[in-house]
Amino acid sequence: MTAFVDSELVTLSARSRGFFTNAELYAPGFPNAILVRGRFDLESYTDDLFNLLALHCPASLSAAVTMRRAEFLAGRAMAHAALRALGQGAAEIPIGPGGAPLWPSSSAGSITHTRGHCACFAIASGNWRAGVDVEALASGRALDAILNMTTNEDERALIARQVVLAPDWLASLVFSAKETLFKALYPVARRLFGFDCAELRTTPRNGQLRLHLTQTICPELIEGQHYDIRFSITAGHVLTWLAVRDQYASM
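Residues numbered from 1 in each chain as written. Predicted model: local features only at pLDDT ≥ 70, side-chain atom pairs only at ≥ 80, totals over all residues. Heavy atoms only, no water.

## Observations concerning unusual backbone geometry
Inference 1: Although it is not a glycine, Arg17 adopts a positive phi angle of roughly 55 degrees.
Inference 2: Checked against the element boundaries, Arg17 lands in the loop between helix 1 (7-15) and strand 2 (20-26).
Inference 3: Given the relative accessible area of 47%, Arg17 is considered partly exposed.
Inference 4: At Asn22, a residue that is not glycine, the phi angle is positive and equals roughly 55 degrees.
Inference 5: Looking at the secondary structure, you find Asn22 in strand 2. (Helix = DSSP H or I, 4+ residues; strand = E, 2+ residues; numbered from the N terminus. Buried < 20%, exposed > 50% of the residue type's maximum accessible area, 1.4 Å probe, protein only.)

## Thoughts on the pattern of salt bridges
Inference 1: Scanning the model with the defined rule gives eight salt bridges in all.
Inference 2: In this structure, Arg17 engages Asp48 in a salt bridge whose closest nitrogen and oxygen atoms are separated by 2.8 Å. You can see Arg17 sitting in the loop between helix 1 and strand 2 and its partner Asp48 sitting in the loop between strand 3 (33-40) and helix 2 (49-52), a full 31 residues away along the chain.
Inference 3: On the basis of relative accessibility, which here comes to 38%, the residue Asp48 falls in the partly exposed class.
Inference 4: One salt bridge connects Arg69 with Asp47, and the closest N-O pair in it is separated by 2.9 Å. Pair noted here: Arg69 is in helix 3 (residues 66-85) and Asp47 is in the loop between strand 3 and helix 2, with a separation of 22 residues, a long-range link. (Salt bridge = Lys/Arg side-chain N within 4 Å of Asp/Glu carboxyl O.)

## Comments concerning the pairing of strand 10 (residues 237-245)
Inference 1: Among the nine residues that make up strand 10, eight are buried, leaving the element largely enclosed by the rest of the structure.
Inference 2: Two elements, strand 6 (residues 128-136) and strand 10, share nine bridges in a ladder whose sense is antiparallel. Among the inter-strand pairings, Ala136 is bridged to a residue of strand 10, identified as His237.
Inference 3: Examined bridge by bridge, strand 9 (residues 226-234) and strand 10 share five bridges and lie antiparallel to one another. Considered in strand 10, the bridge of Arg230 is made with Trp241.
Inference 4: Joining the antiparallel neighbours strand 9 and strand 10 is a turn of two residues, in which Ala235 adopts a positive phi near 45 degrees. (Pairing = 2+ DSSP bridges.)

Right, here's the structure in full:
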């Protein structure tokens, strides 16, 4: 995945007084889509950065801890950068039901952040659903939790015997891919569903990981359907993203 320079991201980093660093644009492999990723520094966060960067801080976050406000700012800044890169303008992206962002009708997207890393995957069309997730490489108890809570016996056996990726990397990647799949499918499913609803059956290849639905989630999401989730591995983190065409958007 090749990064390219964007003058607005350079300006964003400069205006953020050290809050944003390493912000870059990527071509994510989907038409009319963009992926923005970067880093943010919690120690450099101040509440006036919302005004400085012309971003809205919802009243619901007024009593939130500093980390939550910093993460929200980071995510929305990445989202606005993605929309501008797509020629969509910097529309407000409010918090919707369940905490998911409400995107303008002319676009679709997804936001993620963890441990100072943030990203947004956006598409210049309202006829798609998007998911993105970034995770740190898991080790120790975190790795054990991922293996025990997010994978089944067959997946753990596959992770252990394959030779494409180190087991800790693939376990972290599977966890991230399932989070991405949930984000992309939630607007269709209209309900929560667990990690056991999707399964890895083959080793990743060519920067893609395939997950199969293990059960029918709703009439549109049938057992056996599969989704090829794209991924990137860099600097101790995995990043996954997925776009799914919404067959019912025009109805």
